2 protein chains.
Amino acid sequence: MKACGLVVEYNPFHNGHVLHARKSREKTGADIVVAVMSGPFLQRGEPALVSKWTRAAMALQGGIDLVIELPYAFATQKAEIFAKGSISLLEYLGCDSFCFGSEDGRIEPFITANNVISDQSAAFDAAVKSAMDAGNSYPASAAQAYQAIIKNEGALDLTKPNNILGKEYVSAALTNGFSIRPYTIKRVAAGYHDTDLSNDSIASATGIRKAIHEEQGKSLDSVSSYIPKPTRIGLEQYLSSYRSLHDWEMYWPLLKYRILSSSLSELAAVYEIEEGIEHRIQQMAKTAATFSQFMTALKTKRYTWTRLQRMCVHILTHTSKEQMANTHLPAYIRLLGMNNKGREYLHTVKKDLPLPLISKLSAFQKQDIEMDIRAAQVYALGLSESDQASLMKREYAAPIITK
Amino acid sequence: MKACGLVVEYNPFHNGHVLHARKSREKTGADIVVAVMSGPFLQRGEPALVSKWTRAAMALQGGIDLVIELPYAFATQKAEIFAKGSISLLEYLGCDSFCFGSEDGRIEPFITANNVISDQSAAFDAAVKSAMDAGNSYPASAAQAYQAIIKNEGALDLTKPNNILGKEYVSAALTNGFSIRPYTIKRVAAGYHDTDLSNDSIASATGIRKAIHEEQGKSLDSVSSYIPKPTRIGLEQYLSSYRSLHDWEMYWPLLKYRILSSSLSELAAVYEIEEGIEHRIQQMAKTAATFSQFMTALKTKRYTWTRLQRMCVHILTHTSKEQMANTHLPAYIRLLGMNNKGREYLHTVKKDLPLPLISKLSAFQKQDIEMDIRAAQVYALGLSESDQASLMKREYAAPIITK
């Protein structure tokens, strides 16, 4: 059986994701499609709208055969680490290929970009540093540096978010000598950050989340044409079980408490907190009344919004530099859900897996995946007391099995 | 000018406190009465009903001339340390005497108890240990041990809460060679823990709080005959400004978050967490929906309710054993409020004070009283966002001055 891997967040799973899965299957000739999906906190430093269980269930109903969790140590990270964790897991799971959506749509420019940047790494790094010293964020600096090095037509545009991620996926596969083969398909219609719902049936997850938030998470009418029916039902069931979708504001009292009850040196020990920004974080937390006010006050040109939000996630989940120091590569494969084909595939690769496969948490495994359990626990604390208990019960139950 | 010191919590200030101040003044012949009052968190491990500023204002209107803060490092502590901090501050402030209410009402049995226990400390400690090993709490064991050593009639009954505290006040004065002189008056009518409001005008603070909680902090009708008018007005103003009185339940989401996002070794580093109780704390926090449920699940014969609640306060305020290790004696005198006589007294003793007098927080002083500021900040987090800001503004303002 040939498997194609997808790196996903599914926040939430929408029509563009259905298309991505279908086209990836066609393009790679795979028998099954495996998704490595972020858990409760996402790459942009935000809590997912709904739990990973609900998102995995939506994916299984939308054409994905097997869903595994991208551990916290990789999910809430800059593109390079995020990609390394995801592609490693797909390689370890025996996938023949992975396929990502990009603004470019051709795989060659990604391979070229990887080769050029690794061949001329000293020049590239120096150009990035000089752009950052001029006050630019890392992504903007990297894009500038690449443009300065490679001047030919048709080169990869590294100012585009999916191209950036894609370049890191390709680099993760090539530089680690993995056998997994990269493919890309052109993203349809909606850009990653597009927030208007214009196309008939495809919209970005960002646009869909914005529309849901504008209706205060109460109605899904404005987004129903952009999401498969199971996603709509899944979101509605989540709302009726847990009474609200997750957003940063629901964690603001906890984040504020953690920031204001920590010493500066404790904040400085949190992962990604650097260059004295702990002073600014503590100062701004004192007067902000909402997470949104806090972020607006905190933002400077030096840091992207995303990077600041990731710092906030690490503060909230109490994740230190020391804890992150031991997480260079994934140490386990956590199963969230599968259908019959996914199960069949897993059966064929099981004996050759280089990592332990975790299908249900036990006391023994808890130590290894402590960071993921803590993230799940903190994520649950955004809900009411009774809902916390039922979500955490799910965390200890068996994976989702569908036909 | 002669000053008499009182050790108080005023939670809230009631008719019994008016009587205590008046009788103390008469008995000691003092010109002014100084109260050393606990800040936001109290000896029993509970948040105060209202802020220290509101409680200081009530006291000034009820006959107290000068109010200083008992720092967090002494306020949320077992009787011995609580007493040492309080009596030291009164001594340093130049008080000639202190006067406490007790069930006994005579000062001699307190002096005898101090002398007997310090003369026979080895026998006393052994008797305490053996009672504790039998599964009793410290206070019960100490009372048993004292009864075993001293068998004469009329000896101090150390099962009574105010006698226990009084014995520690007297010991703090005598064993440190202080010149301050101890006095006691017999408590009127209501026992410390009495929760029914039976006497016409005197009730315990515990009873008053219980009655307020039963009316869900909305009405003060049932307690108005037990509190002076300024206390009623103060509580009403607090309710109208801040919309609620403080109780443990309002901090439960923060406490639960802190417990569940901390590692066991981090919990074990918290002050007073000992003998592996961190395991039990984390276990019980997972399933409890309220602070009250949590405490009920946590309680064992080994620990008093009070001691467990103090552990919770230290977890909530993030106070470590390491931080507490450097706080054997008060290092500053923080002024909360005064009337003209209090100000006059302060003027006469000011030049001889052995400790810095803090009347307004500045950046320089912040380091020294970091623990108190953190306690005030965490206490404020129980309120709504806008109320937090106004309470913290008060923290940085000048002391209360009345005529």
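All of these numbers come straight from a predicted model, not from anything done at the bench.

Peer 1: Whenever I open this one, the overall build of chain A confuses me. Can you help?
Peer 2: When you go through chain A residue by residue, the secondary structure sums to 20 helices and 8 strands. Referenced to the eigenvectors of the C-alpha coordinate spread, the extents of chain A come out at roughly 55 × 55 × 45 Å. A total of 403 residues make up chain A; the buried ones form 58% of that total. When contacts within chain A are restricted to residue pairs at least 6 apart in sequence, long-range pairs at least 24 apart make up 75% of them. For chain A, the accessible surface area stands at approximately 16,200 Å², while carbon and sulfur atoms represent 53% of it. Mean positive and mean negative side-chain charge positions of chain A (45 and 41 charges, respectively) differ by 2 Å.

Peer 1: How do you make sense of the confidence of the model for chain A when you look at a structure like this?
Peer 2: Close reading of the predicted structure is inappropriate where its pLDDT is low. Of the residues in chain A, 96% have a pLDDT of 70 or more, and the chain-wide mean is 92. Confidence estimates for the predicted assembly give a pTM of 0.91 and an ipTM of 0.90.

Peer 1: Please explain helix 5 (residues 108-119) of chain A as it appears in this structure.
Peer 2: Side chains of residues three or four places apart in an α-helix project in the same direction, reflecting 3.6 residues per turn. Compared with the 16 Å implied by 1.5 Å per residue over 12 residues, the 16 Å span of helix 5 of chain A between its first and last C-alpha is a close match. Lining the buried residues of helix 5 of chain A we find strand 4 (97-102), helix 6 (121-133), helix 7 (138-149), helix 8 (161-175) and strand 5 (181-186) of chain A.

Peer 1: Any chance you could explain the interface of chain A and chain B here in plain terms?
Peer 2: As a measure of interface size, the accessible area lost when the parts come together is often cited. Listed as interface residues are 23 residues of chain A and, on the opposing side, 23 residues of chain B. Interface area, chain A with chain B, both sides summed: about 2,000 Å², of which 52% is carbon and sulfur. In terms of surface lost to chain B, no three residues of chain A exceed Y257(A), R258(A) and E385(A), which account for 33% of the buried area on that side. Here chain A and chain B share 2 salt bridges between them. One salt bridge in this structure joins K256(B) and E385(A), with 2.7 Å as the shortest N-O distance. For the side of chain A that touches chain B, the secondary-structure elements that each account for two or more residues are helix 11 (252-261), helix 15 (305-317), helix 19 (370-380) and helix 20 (385-395) of chain A. Per-element tally for the side of chain A that touches chain B: the top contributor is helix 11 of chain A, with 8 residues.

Peer 1: Looking at this model, I keep getting lost on the packing of helix 13 (residues 277-287) of chain B against helix 14 (residues 291-298) of chain B. Mind explaining?
Peer 2: The description of two helices packed together rests on the angle between their axes and the distance between the axes. Residue and element names in this part refer to chain B. Two numbers describe how helix 13 lies on helix 14: the axes approach to 9 Å, and their chain directions differ by 140°. Judged by the inter-axis angle, helix 13 sits oblique to helix 14. Crossing geometry of helix 13 relative to helix 14 is assigned as right-handed. In contact with R280, I281, M284, A285 and T287 of helix 13, helix 14 contributes Q293, F294, A297 and L298. Here the contact of helix 13 with helix 14 is built from residues that sort into 6 nonpolar, 2 polar and 1 charged.

Peer 1: Whenever I open this one, the relation of the copies chain A and chain B confuses me. Can you help?
Peer 2: Mapping between the two copies of the chain is achieved by a rotation about an axis and a shift along the axis. Between chain A and chain B, the superposition needs a rotation of 180° and an axial shift of 0.0 Å, giving an RMSD of 0.0 Å. Here the transformation between the copies is reduced to the relation of a two-fold axis. Taking the C-alpha atom as reference, chain A places L254(A) closest to the rotation axis, 3.2 Å from it. Looking at chain A, 100% of its interface residues are interface residues in chain B too, so the copies touch through the same face.

Peer 1: Quick question: what am I supposed to make of the packing of aromatic side chains here?
Peer 2: Centre distance and the angle of the planes are the two values used to describe a pair of aromatic rings. Considering all chains together, one arrives at 31 aromatic pairs over all chains under this definition. Ring centres of W248(A) and F291(A) lie 4.2 Å apart, and the angle between their planes is 10°; on these two criteria the pair is classed as stacked. Pair noted here: W248(A) is in the loop between helix 10 (229-242) and helix 11 and F291(A) is in helix 14 (residues 291-298), with a separation of 43 residues, a long-range link. Considered together, W248(A) and F291(A) belong to a single accessibility category, that of buried residues. Through pairs of rings, three or more aromatic residues link up here, namely F41(A), W248(A), Y251(A), W252(A), F291(A), F294(A) and Y379(A). Over the aromatic face of W53(B) sits the side chain of R394(B), whose NZ or CZ is 4.3 Å from the ring centroid.

Peer 1: Honestly, the pairing of strand 6 (residues 333-338) of chain B in this entry has me stumped. Any pointers?
Peer 2: Regular strands place their side chains on alternate faces of the sheet. Residue and element names in this part refer to chain B. Of all 6 residues making up strand 6, 6 are buried, and the element is well covered by its neighbours. When strand 3 (residues 66-70) meets strand 6, the two strands line up antiparallel, connected through 4 bridges. Opposite V67, over in strand 6, you have G337 as the bridge partner. Read as a crossover between parallel neighbours, the route from strand 6 over helix 17 (residues 340-349) to strand 7 (residues 357-358) is right-handed. By the bridge criterion, 2 bridges tie strand 6 to strand 8 (residues 400-401) in an arrangement that is parallel. Bridging across to strand 8, M338 finds its partner in I401.

About the thresholds
For every chain, the first residue of its written sequence is number 1, and the numbers climb from 1 along that sequence. Both sets of labels track the order of writing: A upward for chains, 1 upward for ligands. Since the coordinates come from a predicted model, pLDDT governs what is reported: local features require at least 70, and pairs of side-chain atoms require 80 or more to be given and counted, while whole-chain, interface and lining totals use all residues. Based on all heavy atoms of the structure, the side-chain values leave hydrogens and waters out of the count. Helix and strand definitions follow DSSP, with helices as H or I runs of at least four residues and strands as E runs of at least two, each counted in order from the N terminus. Burial here depends on accessible area, computed with a 1.4 Å probe over protein chains only, as a share of the maximum for the residue type. Under 20% is buried, over 50% is exposed, and the range in between is partly exposed. We call two residues in contact when some of their heavy atoms are within 4.5 Å. Only the protein chains shown count as cover for residues, and all accessible areas are computed by the Shrake-Rupley method using a 1.4 Å probe. Only four residue types enter the tally: Lys and Arg on the positive side, Asp and Glu on the negative side, with His and both chain ends excluded. Here the site of a charge means NZ on Lys, CZ on Arg, CG on Asp, or CD on Glu. pLDDT measures the predictor's confidence residue by residue and takes values from 0 up to 100. For a helix, the expected span equals 1.5 Å multiplied by the number of residues minus one. Throughout, the accessible surface (probe 1.4 Å) given up by two parts as they are put together, summed over both, is called the buried area. Within this document, salt bridges are pairs made up of a side-chain nitrogen of Lys or Arg and a carboxyl oxygen of Asp or Glu, the two lying within 4 Å of each other. Axis definition: a line fit to C-alpha positions, over the contact stretch in the case of helices; interaxial angles, taken between N-to-C directions, run 0 to 180 degrees. Note on terminology: angles under 35 degrees are roughly parallel, angles over 145 are roughly antiparallel, angles of 65 to 115 are roughly perpendicular, and the others are oblique. For any pair of crossing helices, the crossing counts as left-handed if the nearer helix is rotated counterclockwise from the farther one by less than a right angle, and right-handed if it is rotated clockwise. When residues are sorted by character, Ala, Val, Leu, Ile, Met, Phe, Trp, Tyr, Cys and Pro go into the nonpolar class, Asp, Glu, Lys and Arg into the charged class, and all the rest, Gly among them, into the polar class. Only residues with pLDDT of at least 70 in both copies contribute their C-alpha atoms to the least-squares superposition of the copies. Each Phe, Tyr or Trp ring (for Trp, its six-membered ring) is paired with any other whose centre lies within 6.5 Å, and the angle between the two planes then decides the class: stacked below 30 degrees, edge-to-face above 60, tilted in between. In this scheme, Lys NZ or Arg CZ marks a charge over a ring once it lies within 6 Å of the ring centre and within 35 degrees of the ring normal. Two strands are said to pair when DSSP picks up at least two bridges between them. The definition of a right-handed crossover adopted here requires that, viewed with the strands pointing away, the path from the first strand over the helix to the second runs clockwise.

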